[in-house]
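# What the coordinates show
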Amino acid sequence: MGLDLTSFAPALKSYYTRDKVENMVYKDNPFLAMVPKMEDFFGANLPIPIIYGNPTGRSAAFATAQANKNNSLLKAFTLTRAKDYSLASIDNETLEAAQSDKGAFMEAATLEIDGAMQACARSLATSLFRDGSGAIGRINATVSGTTLTLVTPADIVNFEVGQKIQFSSAATSATLRDAGEALTVTTIDRTAGSMGVSANLNTITGITSQDFINVQGDIEAKVKGLDAWLPTTVSSASFFGVDRTSDATRLGGVRYDGGSQPIEEALLDGLALCAREGGSPDYAFINYANFSNLEKALGSKVSYVNLSPEGLPTVGFRGMLINGPKGPVKVVADQNCQAAVSYLIQMDTWKLYSLGMSPKILDSDGMKMLRESSADSVEIRCGYYAQLGCRAPGFNARVTLAS
């Protein structure tokens, strides 16, 4: 009997062990790697209660304290999961041609499975820094021709040749341009922060400069990341069922504008503000350009540290140490972090809640590859069901940096 999907399934299962998947997913995504995980997010939702105010019945006069007594102030963020999928196909002829060599079969299969897994991991890692809207970039001034230039060139890391992209006037509560008509990314200039698309931009009805760009199907459907938990401004809009305006700092994080300061001063002032609010951030996440600027600014005073996620010593990252008011803070570069912003993170207040690993091969029926009904090929499905949560937003900060 020849090698087939059923007989080969145990080999795939042995190859895609938890350690293998974690190594593949985490190696280039520090925040995704370092954030604590809870992988049994069962049920329809998960409440995270927050005490944001103590009883105020206190006074040097007993009668006054008694008259003014009231309860602690509590709210609960009710998390719901976001879904994300990455699918790939392998041609049956390729698989059958490799049946006499199990190593060749493994190579053909793992090429596409690894690619699908890494695409899903990058999507999750990017989402952990974003606001859940699905927006991964904005259009610069030109909205004609087939070249699309981004407002922030560094956002080009979020795009791949072959992606289908859509456009909207706002990140949230917006209608997609031209009823969601999509263009395909055909070329990418990663130095210029631009890309070629499959048709003239002005064929999309209503498109204009500053429009937001989403991967098709992503709008307002992604994990709500740091940009959502620690926004630039806090509005009365419901966030997991909570109006955060009653205490914008304790429910929506510390905000500090250090855009006019040297980067090291901005980070230290942000850390001081966090400390004033009771927080003790132990990480500062920035993008690579800001990391380089900080490294140059510190000069001979720079101190490096090697970091590994707990229980995963084979994955490591290099960071810098700065001394905050409550002790050393590890500054880590993450390609998924937005330009000109740093997130000061007290890591023990965060968790990535999910159903099983995020991401993973979706094989609840025991099959890692499925026979496609409309093509001579098999399909691999990767994905996750997850949400980021924070039990003390006010102990964390968003710092605006010089661009």
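Presented here is an overview of the structure given in this document.

## Notes on the pattern of salt bridges
A pair can form between side chains of opposite charge whenever their charged atoms are brought close. The tally for this structure, following the rule as stated, stands at eight salt bridges. Across the salt bridge formed by Arg177 and Asp211, the nearest N and O atoms sit 2.8 Å from each other. Placement of the pair is Arg177 in the loop between β7 (164-168) and β8 (183-189) and Asp211 in the loop between β9 (194-197) and β10 (212-215), with a sequence separation of 34 residues. Taken individually, Arg177 and Asp211 each receive the classification buried, so the pair is uniform in this respect. With a shortest N-O distance of 2.5 Å, Arg398 and Asp227 are connected by a salt bridge. One end of the pair, Arg398, is in strand β21 (residues 397-400); the other, Asp227, is in helix α7 (residues 226-229), with 171 residues separating them in the sequence. Accessibility expressed as a relative area gives 10% for Arg398, which makes it buried. Given the relative accessible area of 18%, Asp227 is considered buried. When salt bridges with common partners are traced through the structure, they connect Asp84, Asp218 and Lys222 into a single cluster.

## Focus: a negative patch on the surface
Taken together, Asp91, Glu93, Glu96 and Asp376 make up a surface patch of like negative charges. Within the fold, Glu93 resides in helix α5 (residues 92-97). A relative accessible area of 58% places Glu93 in the exposed class.

## Here's the deal with helix α9 (residues 263-276)
Across its 14 residues, α9 extends 20 Å between first and last C-alpha, which sits within 8% of the 20 Å expected from 1.5 Å per residue. Looking only at α9, the buried set comprises Ile263, Ala266, Leu267, Gly270, Leu271 and Cys274. Mapping the buried residues of α9 onto a view down its axis gives an arc of 130°, with all of them on the same face. At its buried positions, α9 is contacted by β11 (254-257), α10 (288-298), β14 (317-324), β15 (327-333), β16 (341-345) and β21. Positioned one or two residues after α9, Gly278 has a phi angle of 100°, which is positive.

## Here we look at the nonpolar core
Grouped together as the largest cluster of nonpolar side chains are 61 residues, with contacts concentrated most on Phe31, Phe77, Leu79, Trp229, Ile345, Trp350 and Leu388. The element that contributes the greatest number of residues to this core is helix α6 (residues 102-127), accounting for eight residues. Not counting residues within four places of it along the chain, the set of residues in contact with Leu79 comprises Phe41, Ala44, Asn45, Leu46, Ile48, Trp229, Phe240, Tyr353, Gln387, Leu388 and Gly389. Ala284, Leu294, Leu298 and Ala333 belong to the second-largest nonpolar core, a separate cluster that totals 21 residues.

## As for the packing of α9 against α10
Between α9 and α10, the shortest axis-to-axis distance is 8 Å and the interhelical angle comes to 100°. As the angle between them shows, α9 and α10 are arranged roughly perpendicular. Side by side, α9 and α10 meet where Ile263, Glu264 and Leu267 of the first sit next to Asn290, Asn293, Leu294, Ala297 and Leu298 of the second. Tallied by class, residues from the contact of α9 with α10 come to five nonpolar, two polar and one charged.

## Some words on the environment of Leu251
Along the polypeptide, Leu251 turns up in helix α8 (residues 248-252). A relative accessible area of 0% means that Leu251 is categorised as buried. Residues in contact with Leu251, not counting those within four places in the same chain, are Ile50, Tyr52, Lys75, Phe77, Val242, Asp243, Arg244, Ser246 and Pro393.

## What about α10?
Since the α-helix packs 3.6 residues into each turn, any two residues three or four apart lie on the same face. Those residues of α10 not exposed but buried are Asn290, Phe291, Leu294 and Leu298. Each buried residue of α10 sits inside an arc of 105° when the element is viewed along its axis, so together they form one side. Of the exposed residues in α10, those oriented more than 90 degrees away from the buried face are Tyr288 and Lys296. The inward-facing, buried residues of α10 abut α9, β12 (283-286), β14, β15 and β16. Where α10 begins, the side chain of Asn287 points an oxygen toward the backbone nitrogen of Ala289, at a separation of 3.3 Å. Directly beyond the C-terminal end of α10, a positive phi value near 55° is found at Gly299.

Parameters at a glance
The written sequence of each chain sets the order in which its residues are numbered from 1. Only residues with pLDDT of 70 or above have their local features reported here, since the model is predicted, and side-chain atom pairs are shown and tallied only from 80 upward, although totals for entire chains, interfaces and linings are computed over all residues. For the side-chain quantities, the full set of heavy atoms in the structure was used; hydrogens and water were omitted. For salt bridges, the criterion is a side-chain nitrogen of Lys or Arg within 4 Å of an Asp or Glu carboxyl oxygen. Elements are defined by DSSP. Helices are runs of H or I of four residues or more, strands are runs of E of two residues or more, and each kind is numbered from the N terminus. Each residue is placed in one exposure class: buried if its accessible area under a 1.4 Å probe, protein chains only, is under 20% of its type's maximum, exposed if it is over 50%, and partly exposed if it falls in between. The patches described consist of residues with a relative accessible area above 30% and no salt bridge, like charges being joined within 9 Å and nonpolar side chains (Val, Leu, Ile, Met, Phe, Trp, Tyr) within 5 Å. Each accessible area is a Shrake-Rupley result for a 1.4 Å probe, and residues are judged covered by the shown protein chains and nothing else. Note on charges: Lys and Arg go in the positive column, Asp and Glu in the negative column, and His and the chain ends are not counted at all. Lys charges are placed at NZ, Arg charges at CZ, Asp charges at CG and Glu charges at CD. Expected span, for any helix, means 1.5 Å times one less than how many residues it has. Taking the helix axis as origin, the arc is that swept by the directions to the C-beta atoms. Residue contacts follow a heavy-atom distance rule, with two residues in contact if any of their heavy atoms lie within 4.5 Å. Think of a nonpolar core as a cluster: buried Ala, Val, Leu, Ile, Met, Phe, Trp, Tyr and Cys residues, connected wherever their side-chain atoms sit within 4.5 Å. Interaxial angles span 0 to 180 degrees and are taken between N-to-C directions of axes, which are lines fitted to C-alpha atoms, for helices over the stretch in contact. Note on angle classes: values under 35 degrees are labelled roughly parallel, values over 145 roughly antiparallel, values of 65 to 115 roughly perpendicular, and the remainder oblique. Here the nonpolar group is Ala, Val, Leu, Ile, Met, Phe, Trp, Tyr, Cys and Pro; Asp, Glu, Lys and Arg are the charged ones; every other residue, Gly included, is treated as polar. Any pair of N or O atoms that falls within 3.5 Å is considered a polar contact. Within protein, one atom must be able to donate a hydrogen and the other to accept it, and sequence-neighbouring residues count only if both atoms are side-chain atoms.

Function-wise, these values are silent; they only describe arrangement.
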